[in-house]
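# Coordinate inspection notes
What follows is the residue order along each chain.
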Amino acid sequence: MDTWEALTAEVIGCCACPRLVAWREQVARDKRRAYRDWNYWGRPVPSFGDRAGRLLIVGLAPGAHGANRTGRMFTGDSSGDTLYAALCRAGFANQPTSQHRDDGLMLTDAFVTAVARCAPPGNRPTAEELNTCRTYLAREWALMPQIRIVLALGQIAFDGCQRLLREMGYEDLPRLQFGHGLHYSLPSSSPSESRHLIASYHPSRQNTQTGRLTPAMLDQVFALVRSFLD
């Protein structure tokens, strides 16, 4: 039987993709000047949050100087600042900031993961790398039968979630369109076990600085999530 302990250990020790191994380790050696005193994590980043949560948040990949530095999903960069502030406003997080692994952040009813566990060059994992890493996401899904909402942050995460859903039993799922705030109900034999896939723009610096994604837009997405959970 699979366990969280076994899964987490496999994720952290994974060396399946040579390009990603080389890049994450190079970044950890060279560092960014602002973080020269940090001991970079430099490994695949495990998921974070409430393992009993009903909300599964799926991002793209660790940031080179964010999660690849701190060792926690969406921690140490502007994407995490935006995401966790929104989670706090929605009642899923106990604080709006996420700076390092021991900063006291806790999630309630929400679990944060990604379609790729290593920081990729140019923030772009290849299709082969995504296929390799999706095994970990599938195992998390199997360990969390209580999931009711899958929130995909960005097009790549959204496409990865669609592939995972088909592999996990939703074979007849049509190709779904990505767009901020779009919601899809997944087939279910029981209303009490209904599941939903929701799309959001990724809270990247590029999206937030250009106004493509605003705090209000992200709040609207989490209000939709709450409407299903509550």
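Above this note sits the structure.
The following refers to the structure shown. (Residues numbered from 1 in each chain as written. Predicted model: local features only at pLDDT ≥ 70, side-chain atom pairs only at ≥ 80, totals over all residues. Heavy atoms only, no water.)

### A short note on the overall build of the protein chain
Looking only at helices and strands, the protein chain has eight helices and six strands in total. The N-to-C order of helical and strand elements in the protein chain reads α-α-β-β-α-α-β-α-β-α-β-β-α-α. Taking 17 Å as the expected radius of gyration for a compact globule of 230 residues, we find that the protein chain reaches 17 Å, a close match to that expectation. Each principal axis of the C-alpha distribution contributes one length, and for the protein chain these read about 50 × 35 × 30 Å. (Helix = DSSP H or I, 4+ residues; strand = E, 2+ residues; numbered from the N terminus. Rg over C-alpha atoms; globule rule 2.2 N^0.38 Å.)

### Some thoughts on the nonpolar core
By size, the foremost hydrophobic cluster in this structure holds 65 residues, and its most contacted members are Leu55, Leu87, Phe92 and Phe222. It is helix α5 (residues 127–143) that provides the largest number of residues to this core, a total of six residues. Setting aside residues no more than four positions away along its own chain, Leu87 makes contact with Ile57, Phe92, Ala93, Leu107 and Phe222. (Core = buried A, V, L, I, M, F, W, Y, C linked by side-chain atoms within 4.5 Å. Buried < 20%, exposed > 50% of the residue type's maximum accessible area, 1.4 Å probe, protein only. Contact = heavy atoms within 4.5 Å.)

### Comments concerning unusual backbone geometry
At Lys31, a residue that is not glycine, the phi angle is positive and equals roughly 60°. Here Lys31 shows up in the loop between α2 (18–30) and β1 (48–49). One non-glycine residue with positive phi stands out, namely Asn123, at about 60°. Its place among the elements puts Asn123 in the loop between β3 (110–114) and α5.

### Focus on helix α1 (residues 4–12)
Turning to α1, its buried residues are Trp4, Leu7 and Val11. Each buried residue of α1 sits inside an arc of 65° when the element is viewed along its axis, so together they form one side. Away from its buried face by more than 90 degrees, α1 exposes Glu5 and Ala9. Packed against the buried residues of α1 are β3 and α5. (Arc of directions from axis to C-beta.)

### What about the pairing of strand β6 (residues 195–200)?
Burial analysis of β6 places six of its six residues in the buried class, which makes it a mostly covered element. Pairing geometry for strand β4 (residues 149–153) and β6, over five bridges, is parallel. The residue bridging Ile149 from the neighbouring strand is His196, located in β6. Bridge analysis of strand β5 (residues 183–186) against β6 gives four bridges, and the strand direction is antiparallel. Bridged to Tyr184 within β6 is Leu197. (Pairing = 2+ DSSP bridges.)

### Things to note about the pattern of salt bridges
Per the stated rule, a full pass over the model turns up nine salt bridges. Among the ionic pairs, Arg117 bridges to Glu140, the shortest N-O distance being 3.1 Å. Taken as a pair, Arg117 in the loop between β3 and α5 and Glu140 in helix α5 lie far apart in primary sequence, 23 residues in all. Residues joined in a network through salt bridges with shared partners are Asp2, Glu10 and Arg139. (Salt bridge = Lys/Arg side-chain N within 4 Å of Asp/Glu carboxyl O.)

### Considerations on the environment of Arg226
Topologically, Arg226 is positioned in helix α8 (residues 215–229). The exposure class assigned to Arg226 is partly exposed, which follows from its relative accessible area of 21%. Remark: the alpha-carbon pair of Arg226 and Ala90, spanning 136 residues in sequence, is separated by 7.9 Å. Other than its neighbours up to four places away in sequence, Arg226 contacts Ala90, Gly91 and Phe92.

### Some words on the pairing of strand β2 (residues 55–59)
Counting buried positions along β2 yields five of five residues, so the element is predominantly enclosed. Here β2 shows two buried faces, one formed by Leu55, Ile57 and Gly59 and the other by Leu56 and Val58. The pairing of β2 with β3 spans five bridges and is parallel. Note on β3: the bridge partner recorded for Ile57 is Val112.

### What about the packing of aromatic side chains?
Tallied over the entire structure, the rule returns six aromatic pairs. Through a chain of ring-to-ring contacts, the aromatic side chains of Phe158, Phe178, Tyr184 and Tyr201 assemble into a single cluster. In this arrangement the basic side chain of Arg43 is found over the ring face of Trp41, its NZ or CZ atom lying 3.7 Å from the centre. Its end group placed over the ring of Phe48, Arg72 keeps NZ or CZ at 4.8 Å from the ring centre. (Phe/Tyr/Trp six-rings, centres within 6.5 Å; stacked < 30°, edge-to-face > 60°. Lys NZ or Arg CZ within 6 Å of the ring centre and 35° of its normal.)

Honestly, it's all geometry; don't read function into it.
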